[in-house]
2 protein chains.
Amino acid sequence: MIENLTEMGAKAKQAATNLAQLSTSQKNKILAEIAKALEINVENILQANQYDIKHTTGMEQKFVDRLTLDKERIFTMAEGVRQVASLPDPVGKLDQGWITQAGLQISQKRVPLGVIGMIFEARPNVTVDSAALCFKSGNAVILRGGKEALHTNIKVSEVIRTVLTAQNVPADAVQMISETSHEVAQEFMQLTDYLDVLIPRGSANLIQTVVKNATVPVIETGAGNCHIYVDETADLSMACDIVVNAKTQRPSVCNAAEKLLVSKEIAQQFLPMVADALRKYNVEIRTDQKASEILGKRAVPAATNDWDTEYNDYIIAIKVVDSLDDAIDHINQHNTKHSEAIITKSYQHSREFTDRVDAACVYVNASTRFTDGFEFGFGAEIGISTQKLHARGPMGLKELTTTKYVILGNGQIRE
Amino acid sequence: MIENLTEMGAKAKQAATNLAQLSTSQKNKILAEIAKALEINVENILQANQYDIKHTTGMEQKFVDRLTLDKERIFTMAEGVRQVASLPDPVGKLDQGWITQAGLQISQKRVPLGVIGMIFEARPNVTVDSAALCFKSGNAVILRGGKEALHTNIKVSEVIRTVLTAQNVPADAVQMISETSHEVAQEFMQLTDYLDVLIPRGSANLIQTVVKNATVPVIETGAGNCHIYVDETADLSMACDIVVNAKTQRPSVCNAAEKLLVSKEIAQQFLPMVADALRKYNVEIRTDQKASEILGKRAVPAATNDWDTEYNDYIIAIKVVDSLDDAIDHINQHNTKHSEAIITKSYQHSREFTDRVDAACVYVNASTRFTDGFEFGFGAEIGISTQKLHARGPMGLKELTTTKYVILGNGQIRE
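Residues numbered from 1 in each chain as written. Chains lettered and ligands numbered in written order. Predicted model: local features only at pLDDT ≥ 70, side-chain atom pairs only at ≥ 80, totals over all residues. Heavy atoms only, no water.

As recorded by an unreviewed UniProt entry, chain A carries the name Gamma-glutamyl phosphate reductase and is attributed to Ligilactobacillus pobuzihii. UniProt's Pathway (unreviewed entry) comment on chain A is quoted here verbatim: "Amino-acid biosynthesis; L-proline biosynthesis; L-glutamate 5-semialdehyde from L-glutamate: step 2/2." Comment text from UniProt for chain A, heading Function (unreviewed entry), reads "Catalyzes the NADPH-dependent reduction of L-glutamate 5-phosphate into L-glutamate 5-semialdehyde and phosphate. The product spontaneously undergoes cyclization to form 1-pyrroline-5-carboxylate." (UniProt positions renumbered as here; feature names shortened; annotations may be inferred.)

Moving on to the relation of the copies chain B and chain A. The two copies are related by a screw operation: chain B maps onto chain A through 180 degrees of rotation and 0.0 Å of translation along the axis, at an RMSD of 0.1 Å. Accordingly, the operation relating the two chain copies is best matched by a two-fold axis. Of every C-alpha in chain B, the one belonging to H390 of chain B sits nearest the axis of rotation, 1.7 Å from it. Of the interface residues in chain B, 100% have counterparts in chain A that sit at the interface too, so the contact is made through matching surfaces. (Least-squares fit on C-alpha atoms with pLDDT ≥ 70 in both. Contact = heavy atoms within 4.5 Å.)

Along the chain, I413 of chain B falls in the segment after β16 (401-412). Accessibility expressed as a relative area gives 33% for I413 of chain B, which makes it partly exposed. I413 of chain B has contacts with D241, I242, N245, S367 and F370 of chain A, leaving out every residue within four places of it along the chain. (Helix = DSSP H or I, 4+ residues; strand = E, 2+ residues; numbered from the N terminus. Buried < 20%, exposed > 50% of the residue type's maximum accessible area, 1.4 Å probe, protein only.)

So, about empty space enclosed by the protein. Residue and element names in this part refer to chain B. Within the structure shown, the criterion is met by one cavity of 30 Å³ or more. In this structure, the largest cavity occupies an estimated 50 Å³ of space. Lining the largest cavity are L31, I34, V81, V128, A131, A132, F135, I160, L164 and V174. Of all the secondary-structure elements, those providing two or more residues to the lining of the largest cavity are α2 (24-40), α6 (125-136) and α7 (150-166). The leading source of residues in the lining of the largest cavity is α6, at four residues. Grouping the amino acids of the lining of the largest cavity by side-chain chemistry returns ten nonpolar, no polar and no charged. (1 Å grid on protein atoms, 1.4 Å probe; cavity = no way out; pocket = protein on both sides within 12 Å on 5 of 7 lines; lining within 4 Å. Points joined across faces, edges and corners; volume = space filled by probe spheres on them. Nonpolar A, V, L, I, M, F, W, Y, C, P; charged D, E, K, R; others polar.)

With that out of the way, let us pick up the side chain of D89 of chain B. Residues and elements named next belong to chain B. In this fold, D89 is placed in the loop between α5 (71-86) and β1 (94-99). Here D89 falls in the buried class, since its relative accessible area comes to 14%. Reaching out from D89, the side chain makes a polar contact with the side chain of K27 at a distance of 2.9 Å. Within the structure, the side chain of D89 is placed 2.9 Å from the backbone nitrogen of V91, a separation counted as a polar contact. (Polar contact = N/O pair within 3.5 Å; in protein donor to acceptor, adjacent residues only side chain to side chain.)

This part covers the UniProt feature "domain: Aldehyde dehydrogenase" (unreviewed entry) in chain A. All names here are of chain A. Under the UniProt annotation, "domain: Aldehyde dehydrogenase" (unreviewed entry) lies at residues 7-288 and 315-405. Note that residues 7-288 is 50% helix and 17% strand, and that its end C-alpha atoms are spaced 55 Å apart. Annotated as residues 315-405, this span is 27% helix and 32% strand, and its ends, taken at the C-alpha atoms, are 49 Å apart.

Here the focus is the packing of helix α10 (residues 236-248) of chain B against helix α11 (residues 264-279) of chain B. Residue and element names in this part refer to chain B. One way to put it is that α10 packs onto α11 with a least axis distance of 10 Å and a crossing angle of 40 degrees. As the angle between them shows, α10 and α11 are arranged oblique. Handedness of the α10/α11 crossing: right-handed. Contacts between α10 and α11 involve L236, S237, A239, C240, V243, V244, K247 and T248 from the first element and I266, Q269, F270, M273, V274, A277 and L278 from the second. A breakdown of the residues in the contact of α10 with α11 according to their chemical character gives eleven nonpolar, three polar and one charged. (Axes fitted to C-alpha atoms, helices over the stretch in contact; angles between N-to-C directions. Parallel < 35°, antiparallel > 145°, perpendicular 65-115°, else oblique. Left-handed = near helix turned anticlockwise from the far one by under 90°.)

What follows is about the interface of chain B and chain A. Tallying the contact residues gives 63 residues for chain B and 63 residues for chain A. Around 5400 Å² of area is buried between chain B and chain A when both sides are counted, 55% of it from carbon and sulfur atoms. It is L389, Y405 and R414 of chain B that lose the most area in chain B upon contact with chain A, and together they represent 16% of the buried surface on that side. For the pair chain B and chain A, the number of links is eight salt bridges. Our count for the contact surface shared by chain B and chain A stands at 40 residue pairs in polar contact (both at pLDDT 80 or more). Going through the elements one at a time, β2 (105-112), α9 (204-213), α10, α14 (347-356), β13 (361-366), α15 (373-376), β15 (393-395) and β16 of chain B are the ones with two or more residues in the side of chain B that touches chain A. If one sorts the elements of the side of chain B that touches chain A by residue count, β16 of chain B sits on top with eleven residues. Of the residues belonging to the side of chain B that touches chain A, the class tally is 30 nonpolar, 19 polar and 14 charged. (Buried area = accessible area lost by both parts, 1.4 Å probe. Salt bridge = Lys/Arg side-chain N within 4 Å of Asp/Glu carboxyl O.)

This part covers the domain arrangement of chain A. All names here are of chain A. Assigned domains of chain A: these are domain 1 (5-220 + 387-407) and domain 2 (226-373). The C-alpha-based centres of domain 1 and domain 2 are spaced at 35 Å. Counting the surface lost from both domain 1 and domain 2, the interface buries some 550 Å², and carbon and sulfur atoms represent 46% of this. Scanning the region where domain 1 abuts domain 2 turns up two salt bridges. (Domains from an automatic or database assignment.)

So, about helix α13 (residues 324-334) of chain B. All names here are of chain B. For α13, the complete set of buried residues consists of L324, A327, I328, H330, I331 and H334. Down the axis of α13, the buried side of the element spans an arc of 165 degrees, and every buried residue falls inside it. Where α13 is buried, its residues touch β7 (226-230), β8 (257-263), β11 (315-321), β12 (339-343) and α14. (Arc of directions from axis to C-beta.)

All names here are of chain A. Between helix α3 (residues 42-54) and helix α5 (residues 71-86), the shortest axis-to-axis distance is 10 Å and the interhelical angle comes to 120 degrees. It follows from the interaxial angle that α3 and α5 lie oblique. Where α3 crosses over α5, the two elements pack in a sense that is right-handed. Between α3 and α5, the contacting residues are V42, I45 and L46 on the first element and K71, I74 and F75 on the second. Here the residues of the contact of α3 with α5 sort into five nonpolar, no polar and one charged.

Moving on, we come to the nonpolar core. Counting residues in each nonpolar core, the largest one holds 76 residues, and the members touching the most others are L38, F188 and L198 of chain B. Looking at which element gives the most residues to this core, the answer is α6 of chain B, with seven residues. Those residues in contact with L38 of chain B, other than ones at most four positions away along the chain, are I45, I74, A78, V81, V128, V156 and V159 of chain B. Residues I30, A85, I116 and I142 of chain A belong to the second largest nonpolar core, which totals 75 residues. (Core = buried A, V, L, I, M, F, W, Y, C linked by side-chain atoms within 4.5 Å.)

On to the sheet that holds strand β4 (residues 140-144) of chain A. All names here are of chain A. Spatial strand order, β5-β4-β3-β6: four strands in an open sheet with parallel pairing. Because the sheet does not close on itself, it has two edges, and the strands there are β5 (174-176) and β6 (197-201). Here the strands of the sheet are splayed against their neighbours by 20 degrees on average, with no regard to which way each runs. Relative to β4, strand β3 (residues 115-120) is paired through five bridges, and the arrangement is parallel. Opposite G117, over in β4, you have I142 as the bridge partner. (Pairing = 2+ DSSP bridges.)

This brings us to helix α6 (residues 125-136) of chain A. Residues and elements named next belong to chain A. For α6, which comprises twelve residues, the first-to-last C-alpha distance of 17 Å matches the rise-based estimate of 16 Å (1.5 Å per residue) to within 8%. Burial of α6 is extensive: ten of the twelve residues sit out of reach of the surface. When α6 is considered as a whole, its buried residues turn out to be V126, T127, V128, S130, A131, A132, L133, C134, F135 and K136. Among the residues trailing α6, G138 stands out with phi positive, at a value near 80 degrees. (Expected span 1.5 Å × (residues − 1).)

So, about the packing of aromatic side chains. One pair of aromatic rings is described through two measures. These are the centre distance and the angle between the planes. One pass over the full model with this rule turns up ten aromatic pairs over all chains. Note on F376 of chain A and F378 of chain A: the rings are 5.8 Å apart at their centroids and 75 degrees apart in plane angle, and the pair reads as edge-to-face. Residue F376 of chain A is classed as buried on the basis of its relative accessible area, which comes to 3%. Ring geometry for F378 of chain A versus W98 of chain B: centroids 5.9 Å apart, planes at 45 degrees, classification tilted. (Phe/Tyr/Trp six-rings, centres within 6.5 Å; stacked < 30°, edge-to-face > 60°.)

Printed below as a string of structure tokens:
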């Protein structure tokens, strides 16, 4: 089957026109129905998921684990939909308003983006999450998931679409591409007549492919190579706790720490401390020359490309730096503009670090793991933007909207 | 000469790091020096400009006019730079701030985008405008103008760069690409390692080329196919004034009206009125079947592609519509999402039009010509965005910035 993306796009655009006019309470009611339907259809979804798992070949166990659903995970997904329903609706909010010299009354009003394209990899919960967030913010969505979860994704989207139809909302507000070929992906990334934005979620590789091939505007998400810099004035016990937390609390995610920079003034004292603490979690340590001299056999030498690598694993690379300036330069050269932290007691150093490090989130004395829509208090998250246009950092519902200027006059013409 | 864009990009990035740390008063002082230098160098700039004009061949007179500078135009450019200096600096403003459940103090702070790429056509004033706006917002800029104005642009950028050096700011904050080949343009649009955003200014053709070829994030600007819908309840005299103003006050710009939609209930009465008024400005009228029946020989039949054409000229196409719904559908199908107006006395129709028309700016009872950074009160404008990401509508200094989350903790780790 070759999918007709142009037709899907046109249907999505039509559906978006309807969605933009729904009231918040209508949207919340439908989201509640979707949550209920996911719970009712738990057996059907599990069946589709088991089919997907049976047909994966040569996949690493950790990826199979991510792909695998059980009753509890589906109920968690449904609960997530209810949570999205409970969030404030950004649509219709006025960002600002004023009267111009010509006497025009201008208001800048939040409106949905229109049609959102999502490209993502195996996790089936992304389907439900994305559909709920796009729906709540008044957008139609076209989803393109990985082939490993295809049947699960199709089943989940069918459940959602059935609810939409029953609630007199166009089912095409949520569409899943069922063809996983490269050609279809390519066409999808260039569907400029219908897609207002494309959001890739997944590996650095996936995201780079989308950035390189898309003509639709893209929001880059999720590539992380986060650093923690331990300043010579740091509380070393705090620094140790933060490094261990940022590295090991969940190493597979983009806000985990991948690199540790340590001031030479305290390296002799701090490195053995932190190495001992990391060893309890079986973290592999890779070191530059100076750190090697201190840690010896507790570490292995880092290669040049280590400084640009996102491990997503129990690995950390450590470098001893001469000064705050060196730390900032190293970070600005190697980071992915995601999340960076300094551990310090110095007022001056905290200001210089936060002013000069170029990243979506810069921390003083806290773990980089807090870069997250829920931790920020947004209630939900569609991804973490590492680009500078439109949205930077955790993206919630507001970031799925744009604005429209509404201008009220009484006959004004321009002189 | 083949330019080394990678080197230019690296220098721009380095310069951007410096610019981001300049205080508002430092930036304003330098802008004042740039204005002065433009006035002092008026003869040199005119010489370069005359060289450019002498070497244009086969160019339409109106384009030669746009390209031609005189003393007054250069002084106006300098005055524009002083105006930019007088505007509030968006950099460093806090958009919001709050404390999270974990006790982290988060503030969202405005910071420069970094390095901005501009691709534009003949008008040399764009060089000065863009350099001033980018500089004030703390961004480095790499400019790529049209070949017709090459020597003028190079001279102007030299004047600016000399001031920067004299003021101990890296001259590479403002760079002009001097190679106008297609290959260099292509490479420029894909300079993702160095450019944070690319802003094309010029014809629809130029903008489409950039959107199709760029891998750097693009902000689309300026394509206009603006409609005025005259509702059956309209004050017809007001409607007539607004149509004439929106069409003829400056037909070459993107916020000029290109299409007139008229409710069938008042077409018989209104069309002859507006045709007479437009004829005084020698506006050519192109009509659909129903409007033809009313206007007869005062108009010529519109072709199908007229409804999608931006004339930028003394031409307007007129269509009689059955209802408000028809008008909205026609606009949403054919507009470029720029500026759309309804002329009405009906509260209900004004709400439906502004809610349902998809455009950056929707007007009730005013001319579309007000879509403009100056008219909006932004004090300056780098373009009018017709896309939905990052910025929509007139873009001032704020739209040349992004945000950074600064997160202050006291040892928080994630549970």
